[in-house]
Amino acid sequence: QVQLVESGGGLVQPGGSLRLSCAVSGSIFRIIVMGWYRQAPGKQRELVATVTSDGTTNYVDSVKGRFTISRDNAKNTVYLQMNSLKPEDTAVYYCNRPRFPSPWGQGTQVTVSS
């Protein structure tokens, strides 16, 4: 059983930045693909970004150029650096393994508002 604990969310003004962290209970070295998801009010959960064990990244178009996903295998942690935040980025953010999903963590709320 892999446990996922997201943190780092909060209230930020448009144009601001946040860094989200996803702590994984076990070693992430064996996990080839890790991803960040988000679920905005009234919308389905969507996969926002992925990172592979060799550092290859991929992003949904709406966040490309603004978000950066990374991983620190030594800390068993996946990060999402979010810059130039927009109100439409407001959502609960989750991490998981797209290819082998674990039970969802509690997520972390990101609210972008003036």
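This write-up is about the structure you can find in this document.

Rules used throughout
- Residues numbered from 1 in each chain as written.
- Predicted model: local features only at pLDDT ≥ 70, side-chain atom pairs only at ≥ 80, totals over all residues.
- Heavy atoms only, no water.
- Helix = DSSP H or I, 4+ residues; strand = E, 2+ residues; numbered from the N terminus.
- Buried < 20%, exposed > 50% of the residue type's maximum accessible area, 1.4 Å probe, protein only.
- Contact = heavy atoms within 4.5 Å.
- Areas by Shrake-Rupley, 256 points an atom, 1.4 Å probe, with all protein chains shown as cover.
- Lys, Arg positive; Asp, Glu negative; His and termini not counted.
- Charge placed at Lys NZ, Arg CZ, Asp CG, Glu CD.
- Disulfide = S-S within 2.5 Å.

Each helix and strand counted, the protein chain has zero helices and 10 strands in total. Across the 114 residues of the protein chain, 45% fall into the buried class. For the protein chain, the proportion of contacts with a sequence separation of at least 24, taken over those separated by at least 6, is 53%. Only carbon and sulfur atoms are counted for the fraction: they give 49% of the accessible area of the protein chain, which is about 6000 Å². Of the charged side chains in the protein chain, 12 are positive and 7 negative; the average position of the first set lies 4 Å away from that of the second.

Take unusual backbone geometry next. In this model, Asn76 sits at a positive phi of 50°, which is unusual for a non-glycine residue. Looking at the secondary structure, you find Asn76 in the loop between strand E7 (67-72) and strand E8 (77-82). Of note in this structure, Ser84 is not a glycine but carries a positive phi near 50°.

A few words on the state of the cysteines. Within this structure, the stated rule accounts for one disulfide. A sulfur-sulfur distance of 1.9 Å marks the disulfide that ties Cys22 to Cys95. On the S-S bond that ties Cys22 to Cys95, the torsion sits near 65°, and the link is right-handed. Highlighted residues: Cys22 in strand E3 (residues 18-24) and Cys95 in strand E9 (residues 91-96), separated in sequence by 73 residues. Neither residue differs from the other here; Cys22 and Cys95 are each classed as buried.

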